[in-house]
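What follows is the residue order along each chain.
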Amino acid sequence: MTDTKKIQTGINNISDEWFRANIDRKTLKNLSKRSDFEGWKHIIIYALSLGALGLLSTYTWQSLWFVPIYLAYCMMWGGADAIWHECGHGTAFKNRKLNKFFYNIASFMNNFEPVRWKWSHSLHHSYTASVDPHDYEVDGSIFAKYTFLSFVLNFIPGIGFFTIHKSLYVEIIKHALGIQTNVMRDCIPEDKINDCINSSRIFVLLWIIIIALSIYFSTFLPIFLFLIPKFFGINGVWGVTQHMGLKENVKDHRLSTRSVRLNPIFSFIYWKMEYHIEHHMFPMIPSYNLPKLYEVIKDQMPEPQTLYQAYKEIIPAVIKKSKNPDYFIPVQVPNN
């Protein structure tokens, strides 16, 4: 286990328990059931869609058609984030081996070294929106000191190249070299650090192989298809809504987390994670059951928002928070 002395301050001293919506125990048990069918259905549709867009990208390489098709490919590639997430929670499949198998694949696609993110994501759920201990997963949503310009720049495809020195690529290289980072010290148990280092070395080796293939075939296509799609995805448009501008250090996910509603394509790519309050409140319910969960507890939840409604409050909040770090968006919750 992580050193408990590191995580005894901050949000844990605010109140004894997190708020949790009232729900019948039998209903909760039914909603928590996992399904290999649902897992395979998503994976197969996802893989076929990504493969088709990858083939179209290859066919249109060095033509103007490549740009829109490749951007669609990158957005679909970004859906690995949702697969990583569900498999990491062990909720994508009923079969544990399938969860672990696809977790590792999606981790590579998402540029998330699997050992580090297993433990940092666990802390993210335990200490959501907590300043101390540091929640490493919301650093760019709740705690970042954005100006309006720096916030907008985040949504430009390829902008990540200008901050690559702060990216997960650098973190993984550091871990591969055995350098202990803050996240390694704060999140990863001592007996798992070598696993993190070895996993990081595998990632770096795969990157080298991809670059070598590009050199061998005298084309950047392998790099575009397998190494840098994350730089060009627009998935952050909905990912940013999870916690941006909301209250810190409060044990009520309804105040620190936001649920939105997406169109069917975005919802598929995100694998229903737009039901984000519901997920944080009941993290062991599979994402494909979150819409059903919402229907059961909606009288205890704030009204879900569209992307337009979310950004209508997020953008002013970014501007206000840049001037007043204590500002947060107030949320109306039912008095149940």
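Describe the overall build of the chain, listing the residues and the values that go with them.
A count of helical and extended segments in the chain gives 17 helices and 2 strands. Burial statistics for the chain: of 336 residues in total, 48% are counted as buried. Residue pairs in contact within the chain that sit at least 24 positions apart in sequence constitute 71% of those at least 6 positions apart. Accessible area for the chain stands at about 17,700 Å²; split by element, carbon and sulfur atoms hold 63% of it.

Quick rundown of empty space enclosed by the protein? Include the residues and the values.
Tallied over the entire structure, the rule returns 2 cavities of 30 Å³ or more. In this model, the second largest cavity occupies a volume close to 50 Å³. Lining the second largest cavity are Trp 77, Phe 108, Met 109, Asn 111, Tyr 169, Trp 207, Phe 226, Leu 227, Pro 229 and Lys 230. Grouping the amino acids of the lining of the second largest cavity by side-chain chemistry returns 8 nonpolar, 1 polar and 1 charged.

Explain a positive patch on the surface residue by residue, including any values.
Judged by side-chain charge, Lys 26, Lys 29, Lys 33 and Lys 94 come together as a positively charged surface patch. As for its position among the elements, Lys 94 is in the loop between α4 (80-89) and α5 (96-109).

Which residues make up a nonpolar patch on the surface, and what values do they have?
A contiguous nonpolar surface patch, about 730 Å² in accessible area, is contributed by Ile 202, Leu 205, Leu 206, Ile 209, Leu 213, Tyr 216 and Phe 217. Within the element layout of this structure, Leu 205 appears in helix α10 (residues 193-217).

Please provide a residue-by-residue account of the packing of aromatic side chains, values included.
Per the stated rule, a full pass over the model turns up 30 aromatic pairs. On the basis of an interplanar angle of 75 degrees and a centroid distance of 6.0 Å, the ring pair of Phe 155 and Tyr 311 is categorised as edge-to-face. One end of the pair, Phe 155, is in the loop between α7 (148-153) and α8 (168-176); the other, Tyr 311, is in helix α17 (residues 307-323), and 156 residues separate them in sequence. Both rings, one in Trp 238 and one in Tyr 270, keep their centres 6.2 Å apart while their planes meet at 50 degrees; by these two values the pair is tilted. Pair noted here: Trp 238 is in helix α12 (residues 236-239) and Tyr 270 is in helix α14 (residues 264-270), with a separation of 32 residues, a long-range link.

Lay out the nonpolar core in plain terms, naming residues and giving numbers.
Counting residues in each nonpolar core, the largest one holds 69 residues, and the members touching the most others are Tyr 73, Ile 83, Phe 151 and Phe 282. For this core, the leading source of residues is helix α3 (residues 66-77), giving 7 residues. With near-sequence residues (within four places) excluded, Phe 282 lies in contact with Arg 20, Ala 21, Ile 23, Leu 28, Leu 293 and Ile 297. One finds Trp 119, Val 183, Cys 187 and Cys 196 within the second-largest nonpolar core, a separate group that totals 10 residues.

About the cut-offs
- Residues numbered from 1 in each chain as written.
- Predicted model: local features only at pLDDT ≥ 70, side-chain atom pairs only at ≥ 80, totals over all residues.
- Heavy atoms only, no water.
- Helix = DSSP H or I, 4+ residues; strand = E, 2+ residues; numbered from the N terminus.
- Buried < 20%, exposed > 50% of the residue type's maximum accessible area, 1.4 Å probe, protein only.
- Contact = heavy atoms within 4.5 Å.
- Areas by Shrake-Rupley, 256 points an atom, 1.4 Å probe, with all protein chains shown as cover.
- 1 Å grid on protein atoms, 1.4 Å probe; cavity = no way out; pocket = protein on both sides within 12 Å on 5 of 7 lines; lining within 4 Å.
- Points joined across faces, edges and corners; volume = space filled by probe spheres on them.
- Nonpolar A, V, L, I, M, F, W, Y, C, P; charged D, E, K, R; others polar.
- Patch = residues over 30% accessible without salt bridge, like charges linked within 9 Å, V, L, I, M, F, W, Y side chains within 5 Å.
- Salt bridge = Lys/Arg side-chain N within 4 Å of Asp/Glu carboxyl O.
- Lys, Arg positive; Asp, Glu negative; His and termini not counted.
- Charge placed at Lys NZ, Arg CZ, Asp CG, Glu CD.
- Phe/Tyr/Trp six-rings, centres within 6.5 Å; stacked < 30°, edge-to-face > 60°.
- Core = buried A, V, L, I, M, F, W, Y, C linked by side-chain atoms within 4.5 Å.

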